[in-house]
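Descriptive structure summary
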Amino acid sequence: MKKAVMYGAGNIGRGFIGQLFFKSGYETVFLDISEPVINKLNEDKSYPLYIAENEVYTKTLIENVRGVNSRDEEAASDEIASADVCATAVGVKILPFIAPVLAKAVAKRMKAMPETYLNVIICENMIDADKYLASLVKEKLSDEEKAWFDEYVGFSEASVGRMVPAAPKEITEQDPLAVCVEAFCELPVDKDAMKGEIPYVANMKPFAPFSFYIERKLFMHNMSHAMTAYLGNLKGYTYIWEAAQDEAITAIVADALRDITNALSKKHGVAKKELEEHAADLQKRFKNKLLGDPITRVGGDTKRKLSSNDRLVGALKCCLSQKISSDALPIGIAAAMLFAPETDASSCELAEFAAENGVKATLEKYSDFTDDEIVNTIEMHYNILLSNSMTETEE
């Protein structure tokens, strides 16, 4: 039986890629540092997946799995070196820590299987995560190994659109490995980055040029999700599904999606209807109560989410590059600058800086954005939103 290695046994690893590997007929080996997770995988050889749709959970069992503690670099690299396909979903900050294991695996595979290709699907929330991880790995390779890596190893960036929130307590109490997911189950990957024959993975969609899917995920999905969170926060909602059912909020988010749809259609030559359908589907998916996604999670870390090329400012810049104006995106950016949950140090830092130094200085420091006309518009919305929130607090 063919083997797939999943580096990271968290929500995306178990709740998305692990399911696709199982559907594709692979034995799936999870690499992770969590001893309880690894032990439970090895004990049960399976885990439950709950698909949340139409206010009902449908349970399915993901089988033929086992785990290896990735702290054991020799064992972990052996698994990768002998795999038919691999994937990572560990989080961007962890990539430097898994690079040595991947480098060892490359060296071992070059010696044992020198004329075989290995493709690694990179499921990390970062543009060019594939290039970043490849650079970390190659730092640890000899010149001969680097040359072999360039010819035989493909690091292919993926666009992960499935939402995988924390599973409810009543489900995890039955099985700590349980994962809850939405029904959406499509995995676009960078076709041009694959080496040799593209491995079969169910629901995987190889596409080139892949920049379209990266921007669609970031500037449509992530942008509208974040905007729903920031506007919902100002109205005192706790969950995304609550904000997604507020007509005033959905109207503003729909306007932002319309603007970025026009921009992406023009930039990439993709049919506008296809993007409009995707936008409508996103807003429908946000209403899924069973996902129970907290606004604090979706909106968290505004220092990153308001950065120059991320979901909000990046979407605005994309619109401007295509000469498409947007009245809605400045509202979302203003709302983000007022987002400051006590437990979110990043967002509190940005919100406090904005309160003390003003919108213009904040956008220049955190977003590298200095377009005077649009900055003035964002500042206007910021003051209106701030005034409204203060009035509601007083009431």
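Because the structure is a prediction, the values reported are computed rather than measured.

Thresholds applied
Residues numbered from 1 in each chain as written. Predicted model: local features only at pLDDT ≥ 70, side-chain atom pairs only at ≥ 80, totals over all residues. Heavy atoms only, no water. Helix = DSSP H or I, 4+ residues; strand = E, 2+ residues; numbered from the N terminus. Rg over C-alpha atoms; globule rule 2.2 N^0.38 Å. Buried < 20%, exposed > 50% of the residue type's maximum accessible area, 1.4 Å probe, protein only. Contact = heavy atoms within 4.5 Å. Areas by Shrake-Rupley, 256 points an atom, 1.4 Å probe, with all protein chains shown as cover. Lys, Arg positive; Asp, Glu negative; His and termini not counted. Charge placed at Lys NZ, Arg CZ, Asp CG, Glu CD. Expected span 1.5 Å × (residues − 1). Axes fitted to C-alpha atoms, helices over the stretch in contact; angles between N-to-C directions. Parallel < 35°, antiparallel > 145°, perpendicular 65-115°, else oblique. Left-handed = near helix turned anticlockwise from the far one by under 90°. Nonpolar A, V, L, I, M, F, W, Y, C, P; charged D, E, K, R; others polar. Phe/Tyr/Trp six-rings, centres within 6.5 Å; stacked < 30°, edge-to-face > 60°. Lys NZ or Arg CZ within 6 Å of the ring centre and 35° of its normal. Pairing = 2+ DSSP bridges.

Glancing now at the overall build of the protein chain. Of regular secondary structure, the protein chain possesses 18 helices and 11 strands. At 22 Å, the protein chain has a C-alpha radius of gyration in line with the 21 Å of a compact globule built from 395 residues. Looking at the protein chain as a whole, 54% of its 395 residues qualify as buried. Here the contacts in the protein chain between residues at least 6 apart in sequence split such that 72% fall between residues at least 24 apart. Counting only carbon and sulfur atoms, one obtains 49% of the accessible surface of the protein chain, whose full area is about 17,400 Å². For the protein chain, the centre of its 44 positive side-chain charges and the centre of its 61 negative side-chain charges are spaced 4 Å apart.

Only a minority of non-glycine residues have a phi that is not negative, and only a minority of peptide bonds are not trans. Between Ala-208 and the following residue, Pro-209, the backbone shows a cis peptide bond with an omega angle of -5 degrees. Its location among the elements puts Pro-209 in the loop between strand 11 (204–207) and helix 8 (211–234). Backbone geometry at Asp-128 places phi at a positive 65 degrees, although glycine is not the residue there. Judged by relative accessible area, which is 35%, Asp-128 ranks as partly exposed.

Turning our eyes to something else, we now look at helix 16 (residues 345–357). Helix length check: helix 16 (13 residues) gives 18 Å between terminal C-alpha atoms against 18 Å at 1.5 Å per residue, within 8%. Looking at the residues trailing helix 16, positive phi occurs at Gly-358, about 95 degrees.

Moving on, we get to the packing of helix 10 (residues 247–268) against helix 11 (residues 272–286). Where helix 10 meets helix 11, the axes come as close as 9 Å, and the angle between the chain directions of the two elements is 150 degrees. The orientation of helix 10 relative to helix 11 falls into the category roughly antiparallel. In the crossing of helix 10 with helix 11, the sense of the turn from one axis to the other is right-handed. Residue-level inspection shows Thr-250, Val-253, Ala-254, Leu-257, Thr-261, Asn-262, Leu-264 and Ser-265 of helix 10 in contact with helix 11, the latter providing Lys-272, Leu-275, Glu-276, Ala-279, Leu-282 and Gln-283. Partitioning the contact of helix 10 with helix 11 into residue classes produces seven nonpolar, five polar and two charged.

This part covers the packing of aromatic side chains. Applying the stated rule across the entire model yields 12 aromatic pairs. Where Phe-353 meets Tyr-366, the ring centres are 5.6 Å apart and the plane angle is 80 degrees; that geometry is what we call edge-to-face. You can see Phe-353 sitting in helix 16 and its partner Tyr-366 sitting in helix 17 (residues 359–366), a full 13 residues away along the chain. Exposure remark for Tyr-366: the relative accessible area of 10% places this residue in the buried category. Linked through ring pairs, Phe-207, Phe-210, Phe-212 and Tyr-213 together constitute an aromatic cluster. When the ring centre of Phe-184 is taken as reference, the NZ or CZ atom of Arg-285 above it lies at 4.0 Å.

Moving on: the sheet that holds strand 9 (residues 179–182). Reading across from one edge, 4-3-9 is the order of the three strands in this open sheet, with mixed pairing throughout. Two strands bound the open sheet, and with one partner strand each, they are strand 4 (56–63) and strand 9. Adjacent strand axes in the sheet meet at a mean angle of 30 degrees, parallel and antiparallel pairs treated alike. As paired elements, strand 3 (residues 46–53) and strand 9 share four bridges and run parallel to each other.

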